[in-house]
Every structure is written in C-alpha cells, then in structure tokens.
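Breakdown of the fold
Residues per chain are reported as follows:
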Amino acid sequence: MSDSAGSGEGVGGVAGTGPDAEADSEPPHQAPGPSEGDQLEVDVTSEPLSAKRPKMSEEEQRLEPGAVCGETPAETGSLQDDPAPPELRTGEPLQCEEEEPVSGEHDGPLGGGETTPEEEEEEEEEDDNGAAESPSEGQRLGLDFTQNPQMLTGAWTEYSNLPENYLKGCKWAPDGSCILTNSADNVLRVYNLPPEIYSYNWDALPEMSPVLRMAEGDTVYDYCWYPKMSSLDADTCFLASSSRDNPIHVWDAFHGEVRASFRPYNHLDELTAAHSLCFSPDGARLYCGFDKTVRIFYTDRPGRDCEERPTVVKKQGQGGIISCFGFSPCQTVYACGSYSRCAGLYSCQDGSLLALLPTRHHGGLTHLLFSPDGNYLYTGGRKDPEILCWDIRELSKVVFSLERNVATNQRIYFDLDPSGRYLLSGDTERVVSVWDTQTAPPDGTEELLQPELRFQAHGDCTNGISIHPFMPLLATSGGQRQFPSPGDSEGDSASGGEGGDAAASPQKSRRDNSLSLWWAGPLGPAPEGSREPPEAPPPQTADTR
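First, a word on scope: everything that follows refers to the structure included in this document.

What counts as what
- All residue numbers here refer to positions counted from 1 along the written sequence of the relevant chain.
- Under the rules for a predicted model, residues below a pLDDT of 70 receive no local features and side-chain atom pairs below 80 are neither given nor counted, while totals for whole chains, interfaces and linings still include all residues.
- Computation of side-chain values: all heavy atoms of the structure, hydrogens and water removed.
- Secondary structure elements follow DSSP: runs of H or I no shorter than four residues count as helices, runs of E no shorter than two count as strands, and numbering proceeds from the N terminus.
- Classification of residues uses two cut-offs on accessible area relative to the type maximum, computed with a 1.4 Å probe and protein chains only: under 20% is buried, over 50% is exposed, and between them is partly exposed.
- The contact criterion used is simple: two residues touch if any of their non-hydrogen atoms lie within 4.5 Å.
- All accessible-area figures derive from a Shrake-Rupley calculation using a 1.4 Å probe, and residue coverage is judged against the displayed protein chains alone.
- Paired strands, as defined in this entry, are two strands with at least two bridges between them according to DSSP.
- Lines fitted to C-alpha atoms define the axes here, with helix axes fitted over just the stretch in contact, and angles between the N-to-C directions of these axes take values from 0 to 180 degrees.
- Polar contact criterion, stated in full: a pair of N or O atoms within 3.5 Å, where within protein one must be able to donate a hydrogen and the other to accept it, and residues adjacent in sequence count only if both atoms are side-chain atoms.
- Centres within 6.5 Å are what make two rings of Phe, Tyr or Trp a pair, Trp counting through its six-membered ring; a difference in plane orientation under 30 degrees is then read as stacked, over 60 as edge-to-face, and the rest as tilted.
- Criterion for a charge above a ring: Arg CZ or Lys NZ at most 6 Å from the ring centre, at most 35 degrees from the ring normal.
- Here, a salt bridge means any side-chain nitrogen of Lys or Arg that lies within 4 Å of a carboxyl oxygen of Asp or Glu.

Re the overall build of the protein
Counting its secondary structure elements, the protein contains four helices and 31 strands. Buried positions account for 49% of the 545 residues belonging to the protein. Considering only residue pairs separated by 6 or more positions, the protein has 60% of its internal contacts joining residues 24 or more positions apart. For the protein, the exposed surface amounts to about 26,000 Å²; the carbon and sulfur share of it is 46%.

Here it is as structure tokens:
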C-alpha cells in the first residue's frame, strides 16, 4: 500500500481516489474449522444448549437490517459539534450536562414550548412506529448471563493462509451492521452481520467471509471506526488505521480504498507512526498518541497540519508512549493511557492536564473505557492481572478491581455493555469472564469482584471482545504469537510419514486464530404472541480434533 495515498478532499465529503484493496484477488485456502473447546459450565448438572433458537414472535421478526457495508446508501447524515468542556475538579462530582432538545425532534413550535393535542398524537404515533427504526430503544434486547453464551458462527478459514496469522482484536461498527478485525498479516477485514441474525433463522448459519480486505504496509498499531458511521450514509462509512512507518490511513468502508491520509512528522521532519487512534465523539477530530505527545488532526483537512499537545511540560505530567484513548460520554474530557503505567485526564478544549491517576498497574496500559454515565474509568495493562475501576470524582483510590490472566504484552481488550452493568474481558487462558459491576460494595471500599460467569471462547488466547450496540451479540477474536520450543523442529522432521499428525506438539494443537459470534440473549420459552411452541434444542456436539 502506498504511503502517500490520500486525497485532497475532506473525509466527510467525496471519497478521494486511492489504491484498490490488496489481497482481494486471491481466495483464501480452504481448511477445516477450528476445534471447539469444552465450555466452563456454571451448573455441572445442566446440559449445554445448542445454537438453535426457538422461533420468535412476529413483532421481533420485524427487525430488519439497514444497508450494510458494500451496498448503496439511501440517506445522508450530518455531524454535530461538542459543547464547550467544563472544568474538572478533583474531589468534586462531575454532573452530566443536560441535553438541549434538537430543533425539529418532538419539539413545540418554538423548539421547546408546549405541544398542542394534535402534536401529542403525532408524537405517540412516532413512538409506536419508531420502535423498529430506533435500534437503541425499541430493538434493544437485554443480555442474559445466567448461562453460557452460544456460538452462532465465525470465521477461521480466512486466517489459515499463514501459520501465525493470529487476530488482534475485533470491533463492532457504531451502527452494528458489520465487524472490523485486525490480524498479524496486517490486513483489516470487514464482515457483514449475517442477515439470518435479524430474522432469528439460526438453524444453519454459514461461516462468515469478509466483504472487504484493506492491506496495510506494516504492523498495524491501532484502528478505529468513525463514531457517526451509518451504513445508510456512504460519507460516514470510514475507519482509520495506523501502521509502522506509514501515514495514518482513512479507509472507505464501502469500497476498501484509502479515502484520505494524515502524515505526522517528528522534530527531524521524518514521518512517524501513531501508536494509538481515537475519533472525538463528534467525529471532527482524530486524536493520535505518540511519545509524550498527543496530536490532533481535523477530519476535514487531510495532510500534515495538526495540533500538538505535549503530555509532559517542564518534566511534569504523563510520560511514556500514549497507548490508548477514551472519551467521557458526559463531559468534554478524555483520558490517555501510556506505557508508563499511568492514565491522565485532559480537557478537550485546550488539552490541559486535569488529573493524573495514581500508578497502580504493573504493566503499561493498553486499553481504557469510560462508563456510560461518565463517572467511572476502567483501565487495563499488559502483563497485568487486574482491570481497575476508578471514580473520577475521587481519584485517590480504586473503587474495585477485576482479576484476569494476562501473561503477554499483547493488547487484551475488554468492553462494557450499553447500560454499563456488565464488563467482559478475555485473557491468555482462552476464557471470557463476565463481571456485574452493580455488585460492587456501595461504601466504596476497594474489593476484588468475582466474575458472574466464565466460559471458554477459543482454543487459544482470547484477545478481543466487542458487545453489539443494541443486540445481545458478542464478537470475540482469538490467537497469539506462538514461540515453539527448540526441540519442535527436530521432532517435526523425525515424525515424517505416517503418524506425523499425531506427533504434533501441544502448542500447535492449541492454536486457534479465529473470529467468533455469540448469542448472549435469553434462551427461555418464546415470548407471548408466538404461534408455535419453542423447539427442544438438540444436544450440542464438540469437535474433539
């Protein structure tokens, strides 16, 4: 992929010309699917359920997918600006700003006045008819972790071309229409959500195949979706990625071409790569992490012009490489994590340091998340066994900690559900843990929370997990770099001929580079209104290869 690929047009406007996506001409080699490990049962007396689901009511079957990546859009959208950031004071509670009504949306004649009876009737009709069009409200189904999630489908043949093509995380698109993955072959892949998911026709879901492949020139450091992405508007369907010795590329999620590029340079006027990326909530700015510096590019002005915000001033501040970002949903405040094992809170307006969290992690931070109410910040690091929860209204202590197995420098993602109740994370021992944050002690005393559920997701390290924006679906990614023992090469050559497969090393048999899609919704009887009784699920079979 050319480093200088880009466009003079803004990202939100007409897509610029760029090279075609690589690796599209060669179909992936066929290979048998990965072995399916035994799940960790919560109740040993209960038999595991299959992925087959009872038929749902006609109302729930009306969930229709929007246009997905690769199809022609039908509508257009617009971006909104962020409000001015309030000041953050340590020890004082942060209050969420009240949202002002948007002009034209269920407002009175003057945009906020009293409504007439005729307008109230129209609002009621819109509320009744809008349930199927508003996935965040009418279509949202609750997560159910009283039993193990059931695997629906996945992708594994795609990652069998190379022996060490392990995945490096997965991320749902903001509109929930597709999944983005990164892997060791430096190719970003986009998978559309199978249409059978919307109709609850899950009897025979095929293996997922990518609709787009976007090849970077070197190791991909970070990648992220545009937050206002909607598959109904082609101008909003793009994502950003950063790779070693390459500019920051903005990819078109419909055609897989480079739409624009941002070129950061160091003090020697040499091209340097960003270690982390994150769009601002309004999508107008792209925040990039460097060594002791945050650089901000404006999405409507591709090129090299950017704003620099040092995180260390006069030897004071947050040192190390800025490795991850997170934006508060209530305040114009963002958090930066660094490999110096600490996190800092900054003002979006001028980048001033508002607070520096105490150093409690044993390794450099690789991922952080704000809770939906903006009051709590979750941080996790590499080779660090804990995820820590911080109350940003009182940063002097940790609210509670969550224990997981992380014995590698690889970035292990975790995610929160839209309500902020459940936190999920994989680990290097192949297990996904689910914690209920509402079980934390109300008095604020630090405590190690125990997981509500643990289940095996992959046959290898589960490094990525992403919760669907409005459906009870989970996406997980697995794999890690394997380091064979010195005797493996001799053993492999000596085991030629018959019996070679049986003499494979345990490390090779554990390799599982795959993407998996899980149903984490209720598995009980069909809701009222269903004409047919639920079918009895057949026993689930496990592949023992």
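Looking at the sheet that holds strand β19 (residues 353–356)
Strand order in the open sheet formed by four strands is β16-β17-β18-β19, with antiparallel pairing between adjacent strands. Since the sheet does not close on itself, it has two edges, and those belong to β16 (322–327) and β19, each with one partner. Strand-to-strand twist of the sheet, defined as the mean angle between neighbouring strand axes without regard to direction, takes the value 25 degrees.

Quick word on the pairing of strand β20 (residues 365–370)
Across a regular strand the side chains alternate sides, sitting on one face of the sheet and then on the other. When you tally the buried positions in β20, you get five out of six residues, the bulk of the element. With five bridges connecting them, β20 and strand β21 (residues 376–381) associate as antiparallel partners. When the bridges of β21 are listed, His 367 appears paired with Gly 380. Hairpin connection of β20 to β21: five residues between the antiparallel strands, including Gly 374 at a positive phi of 80 degrees.

A few points about the sheet that holds strand β25 (residues 422–425)
Taken in spatial order, the four strands make up an open sheet running β24-β25-β26-β28, and their pairing is antiparallel. Looking at strand neighbours, the two that pair on one side only are β24 (414–416) and β28 (453–456), the edges of this open sheet. Averaged over all neighbouring strand pairs, the angle between strand axes comes to 15 degrees, with direction disregarded. Pairing analysis gives three bridges linking β24 to β25, with the strands arranged antiparallel. Residue pairing for β25: Leu 416 is matched across the bridge by Leu 423.

Some points on the side chain of Ser 243
Tracing the backbone shows Ser 243 in strand β7 (residues 238–243). A distance of 3.1 Å separates a polar atom in the side chain of Ser 243 from a polar atom in the side chain of Glu 216.

Side note on unusual backbone geometry
Unlike most non-glycine residues, Lys 292 shows phi in positive territory, near 60 degrees. Note on placement: Lys 292 falls in the loop between β11 (285–290) and β12 (293–298). The exposure class assigned to Lys 292 is partly exposed, which follows from its relative accessible area of 41%. Despite not being glycine, Lys 315 shows a phi value in the positive range, around 65 degrees. Mapped onto the elements, Lys 315 comes out in the loop between β14 (312–313) and β15 (316–317).

Details of the packing of aromatic side chains
All told, the structure shown has 12 aromatic pairs when counted by the stated rule. Pairing Tyr 287 with Phe 325 gives two aromatic rings, centres 6.3 Å apart and planes at 65 degrees, and the pair type is edge-to-face. Of this pair, Tyr 287 sits in strand β11 while Phe 325 sits in strand β16, placing them 38 residues apart in sequence. A connected cluster of aromatic rings, assembled from ring pairs, spans Tyr 287, Phe 325, Phe 327, Tyr 334 and Tyr 346. Between the NZ or CZ atom of Lys 171 and the centre of the ring of Tyr 223, over which it lies, the distance is 4.3 Å. The side chain of Arg 393 reaches across the aromatic face of Tyr 376, ending 5.5 Å from its centre.

A look at the pattern of salt bridges
Applying the stated criterion across every chain yields a total of 12 salt bridges. Arg 189 is paired through a salt bridge with Glu 158; the nearest N and O atoms lie 2.7 Å apart. Highlighted residues: Arg 189 in strand β4 (residues 187–192) and Glu 158 in the loop between β1 (150–155) and β2 (167–172), separated in sequence by 31 residues. Taking the shortest distance from any N to any O, the salt bridge between Arg 393 and Asp 391 comes out at 2.9 Å. Taking the relative accessible area as the measure of exposure, Arg 393 reaches 22% and is therefore partly exposed. By relative accessible area, Asp 391 is classed as buried at 14%. Each member of the salt-bridge network shares a partner with another, and the members are Glu 158, Asp 185, Arg 189 and Arg 213.

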